[in-house]
Amino acid sequence: MSDLVLHAYNVLFGDAVLVLVPDRDPATGAEITRSILIDVGNVLGSAGGEDRVLAEALGDVRERLGGRPIDLYVMTHEHLDHVQGLPYAATKSIEFEVEHAWLTASSEPGYYERFPEARHKRLQAERAYFDTQRLMLDQQVSNHWLQVMMANNNPRSTRDCIDFLGRLAHHSHYVHRETALARGTNHTFHEASFSILAPEADTSIYYGRFSPAALPDDGQARPVTPDIAAPGGVDPEAFQFLIESWHNDILSNIFTIDRAANNTSVVFSLEWRGWRLLFTGDAELRSWRTMHAAGLLQPVHFLKVGHHGSHNATPDDSILDAILPRVRADARPVTALVSTCEEVYEGVPHNSTLDRIRSRCDELLSTTDASLGMAITVTFLG
């Protein structure tokens, strides 16, 4: 009997996951392999992003598919480190036939006309983004962390990728927690079953408050507080800008924009022959609390760690108990996997967060253990 096999690719700071699922042909009863491809992208800027890595990973995906179409493509949310891979690959003649695609609900054309409060908050977010962009240009800011985060959240370049992905499949579906899943309607799987846990249909709940991006009232740069010195290896001017930015609400706005997009992630579970796998996108704490309050979380055998191992995408122990209980529901092994890259964002991956997850699993794997463009493989026995 065949096994379910998951391949998580080292694409630097981004996500690319291929799941190969044994299934039954309803007409003949013969076993066939169906596929799920999740996201594909990496963040722009220095060590975190490199297009050739995406091409290598997708070349391997195409080889593993052996000419078969992708049965289900899932785009979790609107960040470049999750969406730019397939549009880029198409420019290199690495193209795929896709039967069904799931894209996060808020990326659907016309979505914001149906949800006016979400539209209002999205417009606030975009104004804050472009105000911050202008201020950074005026100040000639060259801080790498800020530039990477701004590139990852750029609504114009992201929209181009979303438009491409929306046209990619024979059948595209914009999904949220209330989406009714049915074989033949929005997927082709017979043995495997799915549950969508997030996002909510109305994404306005995921937005925080924005403050005007501005210089200090007196127009003068504030000195760095004497007891806060630039860390070793960090440019003092760049560090001073970071400190000043906190005072001016610039960084606060960027993180608010980033958090809102992360919380619109499609979170779904896959159940197959007694195994339960949970894919979380980059869902942050607000989304986790909403899922938990709705009673949606169950023990899993596999957890795709959220947001590249950052502390703000792994919930507290009371919620972790629901998905990774210390007392196991059965004797099957429990595995977690993080797709990450060192030294792109400060504190990511967050080691103490990974230690919390590791303490609840039999194994915690990382894509950094694979060569660039290659995959870490997890097998679930059939």
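A short tour of the structure in this document, coming up. (Residues numbered from 1 in each chain as written. Predicted model: local features only at pLDDT ≥ 70, side-chain atom pairs only at ≥ 80, totals over all residues. Heavy atoms only, no water.)

## Looking at the overall build of the chain
Of the regular secondary structure elements, the chain holds 12 helices and 13 strands. Counting the 382 residues in the chain, one finds 54% classified as buried. Once local pairs closer than 6 in sequence are excluded, the contacts in the chain between residues at least 24 apart make up 76%. (Helix = DSSP H or I, 4+ residues; strand = E, 2+ residues; numbered from the N terminus. Buried < 20%, exposed > 50% of the residue type's maximum accessible area, 1.4 Å probe, protein only. Contact = heavy atoms within 4.5 Å.)

## Some words on the nonpolar core
Core analysis: the largest hydrophobic core is formed by 57 residues, its most contacted members being Leu37, Leu58, Tyr73 and Phe96. Here this core takes 7 residues from helix α1 (residues 51-65), the largest share from any one element. Filtering out sequence-adjacent residues up to four positions away, Phe96 remains in contact with Leu58, Val61, Arg62, Leu65, Ile70, Leu86 and Leu168. In terms of nonpolar packing, the next biggest core, distinct from the first, is built from 30 residues, Val21, Val175, Ala192 and Phe194 among them. (Core = buried A, V, L, I, M, F, W, Y, C linked by side-chain atoms within 4.5 Å.)

## Here we look at the environment of Arg183
Examined against the element boundaries, Arg183 turns out to sit in the loop between β6 (169-175) and β7 (193-198). Residue Arg183 is classed as partly exposed on the basis of its relative accessible area, which comes to 47%. Note: C-alpha distance between Arg183 and Phe194 (11 residues apart in sequence) is 9.9 Å.

## Concerning the sheet that holds strand β9 (residues 275-279)
Strand order in the open sheet made by the 6 strands is β7-β8-β9-β10-β11-β12, with mixed pairing throughout. Among the strands making up the open sheet, the edge pair consists of β7 and β12 (363-366). Across this sheet, the average inter-strand angle for adjacent strands is 15°, counted without regard to direction. Strand direction decides the pairing type here: β7 and strand β8 (residues 267-272), joined by 5 bridges, are antiparallel. Bridge pairing in β8 links Phe194 to Leu270. (Pairing = 2+ DSSP bridges. Axes fitted to C-alpha atoms, helices over the stretch in contact; angles between N-to-C directions.)

## Side note on the pattern of salt bridges
Applying the stated criterion across every chain, the model contains 22 salt bridges. Here Glu126 makes a salt bridge to Arg122, at a shortest N to O gap of 3.1 Å. Of the two residues, Glu126 and Arg122 are both situated in helix α5 (residues 116-139); the distance of 4 residues between them amounts to about one turn of the helix. Residue class for Glu126 comes out partly exposed when judged on its relative accessible area of 26%. A single salt-bridge network, built from bridges that share partners, covers Arg24, Glu31, Glu191 and Arg273. (Salt bridge = Lys/Arg side-chain N within 4 Å of Asp/Glu carboxyl O.)

## Some thoughts on the packing of aromatic side chains
The tally for this structure, following the rule as stated, stands at 11 aromatic pairs. Geometrically, the ring pair formed by Phe268 and Phe279 is stacked, given 5.0 Å between the ring centres and 20° between the ring planes. Here Phe279 lies in strand β9 and Phe268 lies in strand β8, a separation of 11 residues in the sequence. Taking the relative accessible area as the measure of exposure, Phe279 reaches 4% and is therefore buried. (Phe/Tyr/Trp six-rings, centres within 6.5 Å; stacked < 30°, edge-to-face > 60°.)

## Description of helix α7 (residues 155-166)
In this model α7 runs 16 Å from its N-terminal to its C-terminal C-alpha over 12 residues, within 8% of the 16 Å that 1.5 Å per residue would give. Along α7, the positions that sit buried rather than exposed are Pro155, Thr158, Cys161, Ile162, Leu165 and Gly166. Down the axis, α7 shows its buried residues gathered within 135° of arc, on one side only. Exposed and oriented more than 90 degrees from the buried face of α7 are Arg156 and Asp160. Of the residues that open α7, the one with a side-chain oxygen 2.9 Å from the backbone nitrogen of Arg156 is Asn154. (Expected span 1.5 Å × (residues − 1). Arc of directions from axis to C-beta. Polar contact = N/O pair within 3.5 Å; in protein donor to acceptor, adjacent residues only side chain to side chain.)

## Section: the sheet that holds strand β1 (residues 4-9)
Within the open sheet, the 7 strands sit side by side as β6-β5-β4-β3-β2-β1-β13. Their pairing is mixed. Because the sheet does not close on itself, it has two edges, and the strands there are β6 and β13 (375-380). Each strand axis lies, on average, 20° off the axis of its neighbour in the sheet, ignoring direction. Contacts from α7 reach β4 (70-75), β5 (98-104) and β6 within the one sheet, and its direction differs from that of β6 by about 125°.

## Thoughts on the environment of His190
Of note, His190 is situated in the loop between β6 and β7. Residues His190 and Asp23 lie 167 residues apart in sequence; the distance between their C-alpha atoms is 6.4 Å. Looking at His190, its side chain comes within polar contact range of the side chain of Arg183, at 3.2 Å.

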